[in-house]
Amino acid sequence: MVAGRALLAALLIALMAIGSVVLWLGIPIGWVYLASRVAKSSQPSMGPYLLILVGIPASMVIVGKLLSRLNRTYGAVTGAAPAARSRSAWMKSLRGERDSGRPRTMLDVVMVWSVALALVCFAIWFFAFAGSSLPS
């Protein structure tokens, strides 16, 4: 039974990693692609821009909720589920304790790693493959 829980936990981590990539890359690229297909000319009206402006944040909220549900499931499977809801860090006074009082979740770790990986990939692309826009 322990091996089954470990396998399920690894699967949930992989799903959270895929979901974070979809959140930061898949959703924006998908909505821009969809808007480019909706636009009938190279000078589109306000419609495609509005589609992107509404679609990206709405999709990110939905995927964020799904990632949160995966994180809660991971916590239940591994026994790391929080016992009580905690107050968000942005709602606390800066004069209070510096410790957030909230244990780090697997979703926190996955999101930090996905952002770090995205920054490394961007740096590699920028310095190795992106051409200069300055005239030679």
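The structure reproduced in this document is the subject of the present report.

A look at the overall build of the protein chain
Helix and strand content of the protein chain: 3 helices and 0 strands. Going from N to C terminus, the protein chain has its helices and strands arranged as α-α-α. Put simply, the protein chain has 136 residues, and 17% of those count as buried. Put simply, of all contacts in the protein chain between residues at least 6 apart along the chain, 79% involve residues at least 24 apart.

A word on the nonpolar core
Residues M16, L23 and L67 are the most contacted members of the largest nonpolar core, which totals 13 residues. Looking at this core, the elements that each hand over two or more residues are helix 1 (2-38), helix 2 (46-78) and helix 3 (106-129). Residues within four places of L23 in sequence aside, it is in contact with P28, M60, V63, G64, L67 and M111.

A short note on the packing of aromatic side chains
For the structure on display, the rule yields 4 aromatic pairs. Taken together, a centroid distance of 5.8 Å and an interplanar angle of 40 degrees make the contact between F122 and W125 tilted. Residue F122 and its partner W125 are located together in helix 3, separated by 3 residues, close to a single helical turn. On the basis of an interplanar angle of 55 degrees and a centroid distance of 6.4 Å, the ring pair of W125 and F126 is categorised as tilted. Residue W125 is classed as partly exposed on the basis of its relative accessible area, which comes to 45%. A residue is classified by how much of its surface remains accessible, and F126, at 43% relative accessible area, is partly exposed.

A closer look at helix 2
Look at helix 2: 48 Å from first C-alpha to last across 33 residues, which is about the 48 Å you get at 1.5 Å a residue. Those residues of helix 2 that fall on the buried side of the exposure criterion are P48, G55, I56, S59, V63, L67, N71, Y74, G75 and V77. Buried residues in helix 2 make contact with helix 1 and helix 3. Following helix 2 by one or two positions, G79 has its phi on the positive side, about 80 degrees.

Points about the packing of helix 1 against helix 2
Think of two packed helices as two axes; the pair is described by the angle between the axes and how far apart they sit. Between helix 1 and helix 2, whose axes approach to 9 Å, the crossing angle comes to 180 degrees. Classified by the interaxial angle, the pair formed by helix 1 and helix 2 is roughly antiparallel. Considering only residue class, the contact of helix 1 with helix 2 consists of 26 nonpolar, 8 polar and 1 charged.

The rules behind these values
- Residues numbered from 1 in each chain as written.
- Predicted model: local features only at pLDDT ≥ 70, side-chain atom pairs only at ≥ 80, totals over all residues.
- Heavy atoms only, no water.
- Helix = DSSP H or I, 4+ residues; strand = E, 2+ residues; numbered from the N terminus.
- Buried < 20%, exposed > 50% of the residue type's maximum accessible area, 1.4 Å probe, protein only.
- Contact = heavy atoms within 4.5 Å.
- Core = buried A, V, L, I, M, F, W, Y, C linked by side-chain atoms within 4.5 Å.
- Phe/Tyr/Trp six-rings, centres within 6.5 Å; stacked < 30°, edge-to-face > 60°.
- Expected span 1.5 Å × (residues − 1).
- Axes fitted to C-alpha atoms, helices over the stretch in contact; angles between N-to-C directions.
- Parallel < 35°, antiparallel > 145°, perpendicular 65-115°, else oblique.
- Nonpolar A, V, L, I, M, F, W, Y, C, P; charged D, E, K, R; others polar.

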